[in-house]
There are 2 protein chains.
Amino acid sequence: MSEFLSLIPPEDARERLLRHLHPRIDCERVDTATACGRINAVDILASHPLPEFARATVDGYALRAEDTYGASDSLPAYFKVMGDVAMGIQPNFQIGTGQCALIHTGGMLPSGANAVIMVENTQLLETDRASHLSEIEVFRSMAINENVIPVGEDVKVGEVVIKAGREIRPPEIGGLMALGVTQVSVTKRPIVGIISSGDEIVPPENQPDLGQVRDVNMHSLSALIEQAGAIAVDCGIIPDQKALLDVAARRALNLCDILIISAGSSASTRDFTATIIDGLGYPGILVHGVNIHPGKPTILAVCDGKPVIGLPGNPVSALVIARLFVIPVIKRFLGELQDRPVSLIAARLTTNLSSQTGREDWVPVRLHPTEDSHGWLAEPVFGKSNLIFTLVRADGFIRIASSANGLTAGETVQVYLQ
Amino acid sequence: MSEFLSLIPPEDARERLLRHLHPRIDCERVDTATACGRINAVDILASHPLPEFARATVDGYALRAEDTYGASDSLPAYFKVMGDVAMGIQPNFQIGTGQCALIHTGGMLPSGANAVIMVENTQLLETDRASHLSEIEVFRSMAINENVIPVGEDVKVGEVVIKAGREIRPPEIGGLMALGVTQVSVTKRPIVGIISSGDEIVPPENQPDLGQVRDVNMHSLSALIEQAGAIAVDCGIIPDQKALLDVAARRALNLCDILIISAGSSASTRDFTATIIDGLGYPGILVHGVNIHPGKPTILAVCDGKPVIGLPGNPVSALVIARLFVIPVIKRFLGELQDRPVSLIAARLTTNLSSQTGREDWVPVRLHPTEDSHGWLAEPVFGKSNLIFTLVRADGFIRIASSANGLTAGETVQVYLQ
């Protein structure tokens, strides 16, 4: 086996994998109320403008702005109050020259009116005896559309309001509801099958004998995969026997969109895992060995259109590599636009970290507030990649680029939260 | 009504609300496999060490480190291979002086062995004819525990492995499974009731008449609340009538842990909403009016131990204020430790922004990659706080502190992602 003869930089490895992936992006209709976190599948166009009618943004009087031109404290303009705009009802009167109507925030402007003067800028006068109408004095000049949301200011008819590939967040839910879109097409969650392999692995509910360990990766990976918007499927714990693993992998790949094999860690198992993956379909293995720590023995493959990823058995390596390679694959299946930034926390490194030039390192760190509480200190959490609690103790990771041979205490680093 | 006579800074307002909140934190048992994102309710102690037996971290030979002292290329040490450690099984032989056993990564060290030499540092010799055992040459000196994970290196027995109040993330799921903890006590999700009030509001599935608008806040707030780990309950759209709102608020508060009233926006509605909230229980309104934009008319109250929050009816204000005041309340009910940082994106502001000194401003921004793709530009998304699509077009918010009177184009700002 030519394992690790050529270690590939992580970015090239990911690029090579994604270049071979052209998944069909399936859609399903869901209630908008339940769509938060899903990915919008088709461009959504506004079937009508928002708002659909001109609305007041303050409490005051709706009037014609032109009639206020030149009004001031010393030379007020006078308006007859023609009525009161009830909320939620189209006013049944018009506003002409020298007329106005009482209106509340959110109320519909009566026809003829094009501005709303705030109550504070007016004075209510005695009711006119002849007309039985009250009258107001206006002390300032208004602009057309002042204190008004004109029709279509939020959204114009025909406008693309949510693009395909965009995540549906709370504001999108609100926006869709505002337009009356109570169902929405979202991309289907891809199904990710996970196989744990290893003669020593037992399910967590079992009491392991000496020499056995409970399965960690099936469950930590499932949680990560579900967080990323996919469906994780337990495809079983398979002993280190080539024939059994081969059958399990074929069956799982048949059922799933993406297959992950958390490989047994002995050299022989690593060897036959690669052989099995390579035999699952065309083109087979694209990358075997990534220049990264932890996670060097990673296998990336596409088999008859489906991605198959061989993760190292060590629980820390498995989670690091899943973040770097499985999540981008899931996002590709979800059709998610990749233009939003990843959240990072800037922190000051507490200690020197050495690393091997040419290799990219991911180091778990714990964050502590700085003394002035305005910033963060990043303290590396050291531990072998077999130790899952290394990550439980960590808030996130820092990346040491392959071009660097380490980082210096006091340097500002960017922390990727877990 | 003394509304807005004294506007309170947002941090003081939040502090005042949280100081009056002492919720009982209820727990429930859930399967660990489904616990991701929940908050651990009680300190979890390791009932046994991890690993439970010393394990090899490489493929090689388990031996006694002492027997290798002084070994070198020119003066190798010799070891008899007593057997092969099968994965998942306790070896049925011991290692004595000058003896070793073939072992794979993750295998259990045979009794007597305390180090594992990598295959690469050994040479397999001919099988000894007398004993029928193979023999190896070892070319270097080993330290005790070299290439070994000793018992308890990951977790010691009795150690607190996950503190109460800690979020259960993928590594915690893995760690719990490693310990055989397949069920876990998590804090109950608080129930947040939401009332939308306003004569002009209709459910999104209805066709609004002119003057009416579809309910946005019920649904955008529900999504935000569920994202934060609580359960959102639709307590109805209530017309602007004091008696109706009063009955609805009492009934909702009875059923829920937290009550949100997205208030009708006319002055009269604002007035009676405050009166109703103040009458729901002791001590009643704590804050009425926050020195913030958007969201000035916010009401914060605690009524007989339950928080009641009056949100502005404008959809942008409602979401901004819910992030600042409702989410911290939910986290308090979840008993979540507050020592993890909020993710922020550093970006360069594209344009000057003015703001009123003394008032804290939250400005929606859209992020664009910088020309070199190494950073982000934050472009403010201007729009009245009535326009929900302002937020759909935004990636997040920037905060202008109340001490500032604006921000300058080119300044580095921190963006809170939505």
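Residues numbered from 1 in each chain as written. Chains lettered and ligands numbered in written order. Predicted model: local features only at pLDDT ≥ 70, side-chain atom pairs only at ≥ 80, totals over all residues.

(A) Representation of the overall build of chain A within the structure. Within chain A, the regular secondary structure consists of 7 helices and 28 strands. For chain A, the C-alpha radius of gyration of 32 Å lies well beyond 22 Å, the compact-globule estimate for 418 residues. With respect to the principal axes defined by its C-alpha atoms, chain A has extents near 105 × 50 × 40 Å. Looking at the 418 residues of chain A, the share that counts as buried comes to 50%. A separation threshold of at least 6 residues defines the contact pool for chain A, and within that pool the share at least 24 residues apart is 71%. (Helix = DSSP H or I, 4+ residues; strand = E, 2+ residues; numbered from the N terminus. Rg over C-alpha atoms; globule rule 2.2 N^0.38 Å. Buried ≥ 20, exposed ≤ 12 C-beta atoms within 10 Å, placed from the backbone. Contact = placed C-beta atoms within 7 Å.)

(B) Just unusual backbone geometry, in detail. All names here are of chain A. The omega angle of the peptide bond from H293 to P294 is -5 degrees, so this bond is cis rather than trans. Mapping P294 onto the fold places it in the loop between β19 (292-293) and β20 (299-303). With a phi close to 60 degrees, H132 is a non-glycine residue in the positive phi region. Within the fold, H132 resides in the loop between β8 (122-124) and β9 (135-138).

(C) Region of the structure containing the domain arrangement of chain A. Here chain A is described as being made up of domain 1 (10-26 + 188-334), domain 2 (27-51 + 153-187), domain 3 (55-149) and domain 4 (344-417). Each of domain 2 of chain A and domain 3 of chain A has a C-alpha centre, and the two are 36 Å apart. (Domains from an automatic or database assignment.)

(D) Region of the structure containing the pairing of strand β17 (residues 258-262) of chain B. Residue and element names in this part refer to chain B. Within β17, 5 of the 5 residues are buried, leaving the element largely enclosed by the surrounding structure. Of the pairings in the sheet, the one linking strand β13 (residues 191-197) to β17 comprises 5 bridges and is parallel in character. Paired with G193 across the bridge in β17 is L259. Across 4 bridges, β17 lies against strand β21 (residues 306-311) in parallel orientation. Looking at β21, one finds that S262 is bridged to L311. (Pairing = 2+ DSSP bridges.)

(E) View of the sheet that holds strand β6 (residues 99-103) of chain B. Residues and elements named next belong to chain B. What the 6 strands build is an open sheet, ordered β7-β4-β6-β5-β9-β8; its pairing is mixed. Bordering the open sheet on either side are β7 (115-118) and β8 (122-124), each of which pairs with just one other strand. Strand-to-strand twist of the sheet, defined as the mean angle between neighbouring strand axes without regard to direction, takes the value 40 degrees. As paired strands, strand β4 (residues 60-63) and β6 are joined by 4 bridges and run antiparallel to one another. By the bridge assignment, Y61 is partnered in β6 with L102. (Axes fitted to C-alpha atoms, helices over the stretch in contact; angles between N-to-C directions.)

(F) Up close: the interface of chain A and chain B. Chain A puts 75 residues into the contact, and the matching count from chain B is 74 residues. Broken down by secondary-structure element, the contributors of at least two residues to the side of chain A that touches chain B are β11 (160-162), α2 (170-178), β15 (213-214), α3 (217-227), α6 (315-334), β22 (344-349) and α7 (389-392) of chain A. Examining the composition of the side of chain A that touches chain B, we find that 8 residues originate from one element, α2(A), more than from any other. The class makeup of the residues in the side of chain A that touches chain B is 36 nonpolar, 23 polar and 16 charged. (Nonpolar A, V, L, I, M, F, W, Y, C, P; charged D, E, K, R; others polar.)

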